[in-house]
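Next come the chains, spelled out residue by residue.
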Amino acid sequence: MTKHVGVRRLILLRHGQTEWNAADRMQGQYDTDLSELGRRQAKDAARELMGIEPIALISSDLRRAFDTAGALADHSDLDVVPDQRLRETRLGDWEGLTHIEVDARYPGARQRWRLDASFTPPGGESKLEVGARALPVVRELFDARADWPGRTIILVAHGGLIAALTAALLELPAANWPVLGGLANTSWVQLSSHGPSIEQPGWRLDVWNAAAKVAPDVL
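Now for a description of the structure that goes with this document. Computed from a predicted model, the values in this text were never measured in an experiment.

Another point: the packing of helix α6 (residues 127-144) against helix α7 (residues 159-169). Where α6 contacts α7, the axes come no closer than 8 Å and their chain directions differ by 70 degrees. Judged by the inter-axis angle, α6 sits roughly perpendicular to α7. Judged by residue contacts, Lys-127, Val-130, Gly-131, Arg-133, Ala-134, Leu-135 and Val-138 of α6 engage Leu-161, Ala-164, Leu-165, Ala-168 and Leu-169 from α7. Partitioning the contact of α6 with α7 into residue classes produces 9 nonpolar, 1 polar and 2 charged.

See below:
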């Protein structure tokens, strides 16, 4: 383990299921609650993840993520720190619509959105904008937490946000952002920083969609 002594580990956990997830309804920044299944998923994720003894637990302030983070906090002495920069992609006019309704009203738009990180839903924000919004959260932690090397920080957020933040941390070209596929509810991503400084963090993708099958509800 000594070779990993200076490595900063970052886990990005997607929230548990909501009723809107189950109904293929697009949430965006609409503040939905966890379903009963989602609450059970959060407890299962807590049992799986909190054994690593993270030093910080930071969450989107939307209830579905914050309540998932709360289940993790119940297994530790950490408080959940809310950060609205970790909110899901703002989907504008698409929020509240099912996939079928979006496809009927905006033919071909959802497919383009999947394949083009610069595409912006009407009244919403692009994946590139989401990554730029979330990236400072990690950069600030890198700067502020001198105790991070050799330990783990967990961020609890949303599928679209996690994919965008991961792509931004890895500095993927915009054309390659779609290679990061869907995340199931309460699955997670693990990255590790092997670099010497915030200017050269040396992020690596260790795990994608851990402990879950590919989600059919990912947008």
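Further notes follow.
In this model helix α2 (residues 36-49) runs 20 Å from its N-terminal to its C-terminal C-alpha over 14 residues, within 8% of the 20 Å that 1.5 Å per residue would give. Taken together, the buried positions of α2 are occupied by Gly-38, Gln-41, Ala-42, Ala-45, Ala-46 and Leu-49. Down the axis of α2, the smallest arc covering the buried residues is 140 degrees, so these residues share one side. Where α2 is buried, its residues contact β1 (8-14), α3 (63-73), β4 (152-157) and β5 (188-193).

The strand order β3-β2-β4-β1-β5-β6 describes an open sheet built from 6 strands, whose pairing is mixed. Two strands lie at the open edges of the sheet, namely β3 (80-82) and β6 (203-210), each paired on one side alone. Across this sheet, the average inter-strand angle for adjacent strands is 20 degrees, counted without regard to direction. Judged from the 4 bridges that link them, strand β2 (residues 56-59) and β4 form a sheet pairing that is parallel. Bridge pairing in β4 places Ile-58 opposite Leu-155. Sheet strands in contact with α2 are β1, β4 and β5, and its direction is about 165 degrees off that of β1.

Every buried residue belonging to α3 is among Arg-64, Ala-65, Thr-68, Ala-69, Ala-71, Leu-72 and Ala-73, and all of these are buried. Residues of α3 that are buried make contact with β1, α2, β2, β3 and β4.

The contact between α2 and α3 brings their axes to 8 Å, and the two run at 45 degrees. Comparing the axis directions of α2 and α3 gives the class oblique. When the axes of α2 and α3 are compared, the crossing they make is right-handed. Contact residues: α2 offers Ala-42, Lys-43, Ala-45, Ala-46 and Leu-49, while α3 offers Thr-68, Ala-71 and Leu-72. Here the contact of α2 with α3 is composed, by residue class, of 6 nonpolar, 1 polar and 1 charged.

Rules behind the numbers
Residues numbered from 1 in each chain as written. Predicted model: local features only at pLDDT ≥ 70, side-chain atom pairs only at ≥ 80, totals over all residues. Heavy atoms only, no water. Axes fitted to C-alpha atoms, helices over the stretch in contact; angles between N-to-C directions. Helix = DSSP H or I, 4+ residues; strand = E, 2+ residues; numbered from the N terminus. Parallel < 35°, antiparallel > 145°, perpendicular 65-115°, else oblique. Contact = heavy atoms within 4.5 Å. Nonpolar A, V, L, I, M, F, W, Y, C, P; charged D, E, K, R; others polar. Expected span 1.5 Å × (residues − 1). Buried < 20%, exposed > 50% of the residue type's maximum accessible area, 1.4 Å probe, protein only. Arc of directions from axis to C-beta. Pairing = 2+ DSSP bridges. Left-handed = near helix turned anticlockwise from the far one by under 90°.

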